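Summary of structural features
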Amino acid sequence: MIGTRGVPAAYGGFETAVEEIGRRLVDRGHDVTVYCRRTTQPVPKEYLGMKLVELPALRHKILETLSHTGLSVLHATLHRPADVAFVFNAANAPFVPLLRLRGIPSVVHVDGLEWKRDKWGGAGRRYYRWAEEVSVREADALIADAQGIVDYYRDEFSIPTELISYGTRILHDTPTDRLAELGLRPGGYHLVVARFEPENHVDIIVEGYRASDARLPLVVVGSAPYAAGHTNRISDLATSDSRIRMLGSVWDQNQLDQLYTHAATYVHGHSVGGTNPSLLRAMGAGTKVIAWDVVFNREVLGSDGAYFSRADSLSGLIEDSELNPEQVAAVAAALQQRAEQLYNWDSVAASYERLARRVAVGYSTHHQSSGRAGVSTWSLPDSMKRQPSTAPSRGITS
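The structure reproduced in this document is the subject of the present report. Everything quoted here is computed from the prediction, not taken from an experiment. (Residues numbered from 1 in each chain as written. Predicted model: local features only at pLDDT ≥ 70, side-chain atom pairs only at ≥ 80, totals over all residues. Heavy atoms only, no water.)

Taken N-terminus to C-terminus, the directions of helix α1 (residues 13-27) and helix α14 (residues 345-360) make an angle of 75°; their axes are 9 Å apart at the nearest point. The angle between α1 and α14 falls in the class roughly perpendicular. Counting all contacts with α1, which are made through Thr16, Ala17, Glu20, Ile21, Arg24 and Leu25, the residues of α14 involved are Trp345, Asp346, Val348, Ala349, Tyr352 and Glu353. Broken down by class, the residue content of the contact of α1 with α14 amounts to 7 nonpolar, 1 polar and 4 charged. (Axes fitted to C-alpha atoms, helices over the stretch in contact; angles between N-to-C directions. Helix = DSSP H or I, 4+ residues; strand = E, 2+ residues; numbered from the N terminus. Parallel < 35°, antiparallel > 145°, perpendicular 65-115°, else oblique. Contact = heavy atoms within 4.5 Å. Nonpolar A, V, L, I, M, F, W, Y, C, P; charged D, E, K, R; others polar.)

In structure tokens form, the structure reads like this:
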């Protein structure tokens, strides 16, 4: 498994997926190797039965992922060939031909529509667009975690994509001791957990909350190492409202579990990343979700979700949740049941195993599509586009 920060999982959805899928493949009798980025904390040689290979990476917004993946692929090609390589993130697809030259069939998990993100400049967007085309031409199979991504690759490249979503843990009887350390009480706050990127709409969430008459505080967990300007905007918005608490990054998974489980609502602003693991985590924790109105989130939440696409519409949803606690509890229970039925890590791991077996014995979409160069003909539905806020500024200008 190549292209993530590795395990133990402490960062994001890909890392959690690698840990949950990898450990289950080990339990099914497979040898699993995970490539991990070098950090200040030493990585063990083995974790949950998975063999770990630690390699360095350049600390740079664009080059961090690519430099580590390049070294990982080089390492993989110089050692006993694996039966299958799972490469996470379409940005890493340009390294797939090296794996295939070594006789290693390769599956690319394409992730979301990265070239649609505002955080990338023109060169970054062109690179992501080109990398998508490379993944389509060179991989033996593609994985998408949401039907919307499957549709995109079908419409844009005429290529079949394996739909394999994420799983989540179903949490019951979660303690509250780590919550108390933060001065929070169960059911006594609204929660946001997100990287501070424009398409995650943390700024609009903060604006919408500020415009509300909510009694419960808004707790914001997250940061962005390469987005100081956007982070400063969010901080400026939050500073003017004493109800808003900025916790920064929280890496302690037990504390995160308690934050998700005991929130009155979880507000989810992600819009371009397919099925988002933090959304599934909130559902598994039994928490009501208020989500950005986008096809990916509607696919996950179904009719039990509450949706917004502007700051002013979010304000009303937050206020309503505080006025109707019984309805909130019923919706939270329904979402947890949905997560248990549809987003099961055992089923996800079984799907990865079946795909690996097919690819290992010769299944391949390699060169089935030539890709599409130039300007994309596919566009986001209006609900997926970043919308301007209509919330009152309350003294903050931008």
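Past the structure itself, the notes keep going.
A few words now on the pairing of strand β11 (residues 265-268). Both faces of β11 are covered, namely the face carrying Thr265 and Val267 and the face carrying Tyr266 and His268. Pairing of strand β8 (residues 190-193) with β11 involves 2 bridges; the strand directions are parallel. When the sheet's bridge partners are listed, Leu191 is paired in β11 with Tyr266. As defined by bridge partners, β11 adjoins strand β12 (residues 289-292) across 3 bridges and the pair is classed as parallel. Each bridged residue has a counterpart across the sheet, and for Val267 the counterpart in β12 is Ile290. (Buried < 20%, exposed > 50% of the residue type's maximum accessible area, 1.4 Å probe, protein only. Pairing = 2+ DSSP bridges.)

Tallied over the entire structure, the rule returns 24 salt bridges. Glu353 is paired through a salt bridge with Arg28; the nearest N and O atoms lie 2.7 Å apart. Of the two residues, Glu353 sits in helix α14 while Arg28 sits in the loop between α1 and β1 (33-37), which places them 325 residues apart along the sequence. The exposure class assigned to Glu353 is buried, which follows from its relative accessible area of 11%. Among the salt bridges present, the one from Lys51 reaches Asp31, with a minimum N-O distance of 3.8 Å. Residue Lys51 is located in strand β3 (residues 50-55), and its partner Asp31 is located in the loop between α1 and β1; the two are separated by 20 residues in the primary sequence. When its relative accessible area of 40% is taken as the criterion, Lys51 is described as partly exposed. Residues participating in the shared-partner salt-bridge network are Glu20, Arg23, Arg24 and Asp346. (Salt bridge = Lys/Arg side-chain N within 4 Å of Asp/Glu carboxyl O.)

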